[in-house]
Amino acid sequence: AQSVTQLGSHVSVSEGALVLLRCNYSSSVPPYLFWYVQYPNQGLQLLLKYTTGATLVKGINGFEAEFKKSETSFHLTKPSAHMSDAAEYFCAVSAGNQFYFGTGTSLTVIP
Amino acid sequence: EAGVAQSPRYKIIEKRQSVAFWCNPISGHATLYWYQQILGQGPKLLIQFQNNGVVDDSQLPKDRFSAERLKGVDSTLKIQPAKLEDSAVYLCASSLGLAGKETQYFGPGTRLLVL
C-alpha cells in the first residue's frame, strides 16, 4: 500500500527566506513522486516530479526536490521565497494505477 | 492549448437531491480522473478512465456515485442521492497515457455544498 505524509499543515516564511516543505512516503513498489501547487479557487498545477534517474529534480518557479530512498522522503525546497509562492502544496505518490495525495501544506510568505 | 474544463463551478443542493458534474479533458488525453477534495484534505481519487473504459473505481462509493465517459472524451460524475458529507470540491484531471509517471492536468474544480 502507498501513502503520503506531509509534516506541517501550515508553514510561514519571510520573503527571501528558504522554503522547506516536508514529504515522506511509503510504497511497496518503486514510486513516482510529485509536488503540485494549488492557488485559491484554482486546480492543481504540477511543480515537479521524480520518475527515474537523477534524484535531484528541478521544477518550475525555482523549486526543487530530492528523492531520498533511504529516508523515504521527497522534500520540496526553494532558496528564496517570493510573495507569489503563497499557496497550498501537495505531495503525491503514484504506484501502478493508484495516486495518493498528502493532506497538503499551506505556505504563507511574510513580507 | 485549452486546459481541462469543468462545469458548473459551484453547486448548492439539499441532501437527497441529485447532482451531475461535467468534465472535458485536454484534447488527445486518453486518461481521465475524478477526485474528491474535502476541505482541509488532499484530493482522493474516485475513478480513473482509459479512453471509455474504467481502469480503477475502487474508491468510488458506488451506492450513490456513478461516472461515465461514453465516447472516450468528456465525462460526467453523478451523485444520487447526495449526503451532507459529499460537500467537497470535485476535481477532474487528464493525462496523455495511463502510466503512473504521467503528469496530470487539473481543471478548476466544481465546489459542491450539500445542505
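Please read these numbers as outputs of a predicted model, since none were measured by experiment.

**A short note on the environment of Val54 of chain B**
Link 1 in the chain: Within the secondary structure, Val54 of chain B is located in strand S6 (residues 53-56).
Link 2 in the chain: As for Val54 of chain B and Arg9 of chain B, which are separated by 45 residues in sequence, their C-alpha atoms are 25 Å apart.

**Side note on the pairing of strand S9 (residues 88-95) of chain B**
Note on strand geometry: in a regular strand, side chains alternate between the two faces of the sheet.
Residues and elements named next belong to chain B.
Link 1 in the chain: Where burial is concerned, most of S9 is hidden: eight out of the eight residues are buried.
Link 2 in the chain: What you see with S9 is no split at all: Ala88, Tyr90, Cys92 and Ser94 on one side and Val89, Leu91, Ala93 and Ser95 on the other are buried throughout.
Link 3 in the chain: Examined bridge by bridge, strand S4 (residues 31-37) and S9 share seven bridges and lie antiparallel to one another. Counted as the bridge partner of Tyr33 is Ala93 from S9.

**Digging into the interface of chain A and chain B**
Link 1 in the chain: At the interface, 21 residues of chain A touch 26 residues of chain B.
Link 2 in the chain: Buried area between chain A and chain B, summed over both chains or domains, comes out near 1,700 Å², and the portion from carbon and sulfur atoms is 49%.
Link 3 in the chain: Summed over the shared surface of chain A and chain B, the result is zero salt bridges.
Link 4 in the chain: For the pair chain A and chain B, the interface holds six residue pairs in polar contact (both at pLDDT 80 or more).
Link 5 in the chain: Where the side of chain A that touches chain B is concerned, the elements lending two or more residues are strand S4 (32-38), strand S5 (44-50), strand S9 (87-95) and strand S10 (98-101) of chain A.

**Looking at the side chain of Arg64 of chain B**
Link 1 in the chain: Examined against the element boundaries, Arg64 of chain B turns out to sit in the loop between S6 and strand S7 (65-68).
Link 2 in the chain: A polar atom in the side chain of Arg64 of chain B sits 3.0 Å from the backbone oxygen of Pro81 of chain B.

**Overview of the sheet that holds strand S8 (residues 75-79) of chain B**
Residues and elements named next belong to chain B.
Link 1 in the chain: Within the open sheet, the four strands sit side by side as S1-S3-S8-S7. Their pairing is antiparallel. The outermost strands of the open sheet, each flanked by one partner alone, are strand S1 (5-7) and S7. Between one strand and the next, the sheet's axes are offset by a mean angle of 15°, whatever the strand orientation.
Link 2 in the chain: Relative to S8, strand S3 (residues 19-24) is paired through five bridges, and the arrangement is antiparallel. Its bridge partner being in S8, Val19 is matched across the sheet by Ile79.

**Regarding the pattern of salt bridges**
Link 1 in the chain: In total, this model carries four salt bridges over all chains according to the counting rule given.
Link 2 in the chain: With its nearest N and O atoms 2.8 Å apart, the salt bridge here joins Lys58 of chain A to Glu64 of chain A.
Link 3 in the chain: Judged by its relative accessible area of 22%, Glu64 of chain A is partly exposed.
Link 4 in the chain: Between Lys62 of chain B and Asp57 of chain B there is a salt bridge, with its nearest N and O atoms 3.7 Å apart.

What counts as what
- Residues numbered from 1 in each chain as written.
- Chains lettered and ligands numbered in written order.
- Predicted model: local features only at pLDDT ≥ 70, side-chain atom pairs only at ≥ 80, totals over all residues.
- Heavy atoms only, no water.
- Helix = DSSP H or I, 4+ residues; strand = E, 2+ residues; numbered from the N terminus.
- Buried < 20%, exposed > 50% of the residue type's maximum accessible area, 1.4 Å probe, protein only.
- Pairing = 2+ DSSP bridges.
- Contact = heavy atoms within 4.5 Å.
- Buried area = accessible area lost by both parts, 1.4 Å probe.
- Salt bridge = Lys/Arg side-chain N within 4 Å of Asp/Glu carboxyl O.
- Polar contact = N/O pair within 3.5 Å; in protein donor to acceptor, adjacent residues only side chain to side chain.
- Axes fitted to C-alpha atoms, helices over the stretch in contact; angles between N-to-C directions.

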